[in-house]
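Each chain, letter by letter, is given below.
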Amino acid sequence: KQWYQRRVRGYLIDRPSTLYIIPQLPTAGLPNALLLPNMKWLLSFFISIIVISLSSAKLDGGGFGEAYHWVPWESAKSVAKVEGKPIMVILHKTWCGACKRLKPVVANSHEILQLSREFVMVNAEDDEAPAENAEFSIDGGYIPRIIFLDSDGNIRPEYTNVARGEKYKYFYPSVDEITRSMNNVLQGVAIKTEL
């Protein structure tokens, strides 16, 4: 084996040549004007990777509206506890016709958007948690369902769609029905904090 000595970044390297192969970029003596575009390209590459990975996190609301501040279920309980807000969870499936009809109802509602600022909003699509959690199948496994939790993360089964009666009481097809329950939850939270 051949041995050699080479100075790399101020360090003296003394190793066999078969083990030490580092390609050197010819940057020494190049003006910064030539180096900066390469650095900008590298930075834009990493930013694009981050944006692509975040786009899978349903930042657009999955059809329920980009204007809402959607929080992933994994962090919803801690956010609710810190902010002292109740949680509103929308459980839906991509293949569900009723879910597809509910999306523009929520996305285009100024009233729901205004009230949503007082909630931690969770959009659980398909198999995302908590959609498959048995606790969220309070009166069956139908979809879409809107379920409310308190700021401690406890399901509040008393907040239902009173217009639906006993069957499908967590199904909300209209803006009026959703906002009525949202207001009821906020009133219940206000009473709880006054006690």
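The structure this text deals with has already been given above.
Residues numbered from 1 in each chain as written. Predicted model: local features only at pLDDT ≥ 70, side-chain atom pairs only at ≥ 80, totals over all residues. Heavy atoms only, no water.

Quick look at the pairing of strand 3 (residues 87-92)
Working step 1: With six of six residues buried, strand 3 is to be regarded as a mostly interior element.
Working step 2: Where burial is concerned, the two faces of strand 3 agree: the one with Ile87, Val89 and Leu91 and the one with Met88, Ile90 and His92 are both buried.
Working step 3: Summarising the sheet, strand 3 and strand 4 (residues 120-125) pair through six bridges and their orientation is parallel. In the strand pairing of strand 4, valine 89 is matched with valine 122.
Working step 4: As defined by bridge partners, strand 3 adjoins strand 5 (residues 145-149) across five bridges and the pair is classed as antiparallel. Paired with isoleucine 87 across the bridge in strand 5 is leucine 149. (Buried < 20%, exposed > 50% of the residue type's maximum accessible area, 1.4 Å probe, protein only. Helix = DSSP H or I, 4+ residues; strand = E, 2+ residues; numbered from the N terminus. Pairing = 2+ DSSP bridges.)

A word on the nonpolar core
Working step 1: Residues Trp73, Ala76, Ile87, Val89, Phe136 and Leu149 are the most contacted members of the largest nonpolar core, which totals 20 residues.
Working step 2: Within the residue set of this core, elements represented by two or more residues are helix 2 (73-83), strand 3, helix 3 (97-107), strand 4 and strand 5.
Working step 3: Those residues in contact with tryptophan 73 that lie beyond four places of it in its chain are Val89, Val122, Ala129, Pro130, Phe136 and Leu149.
Working step 4: With 19 residues, the next largest nonpolar core counts Ile90, Leu115, Met121 and Tyr159 among its residues. (Core = buried A, V, L, I, M, F, W, Y, C linked by side-chain atoms within 4.5 Å. Contact = heavy atoms within 4.5 Å.)

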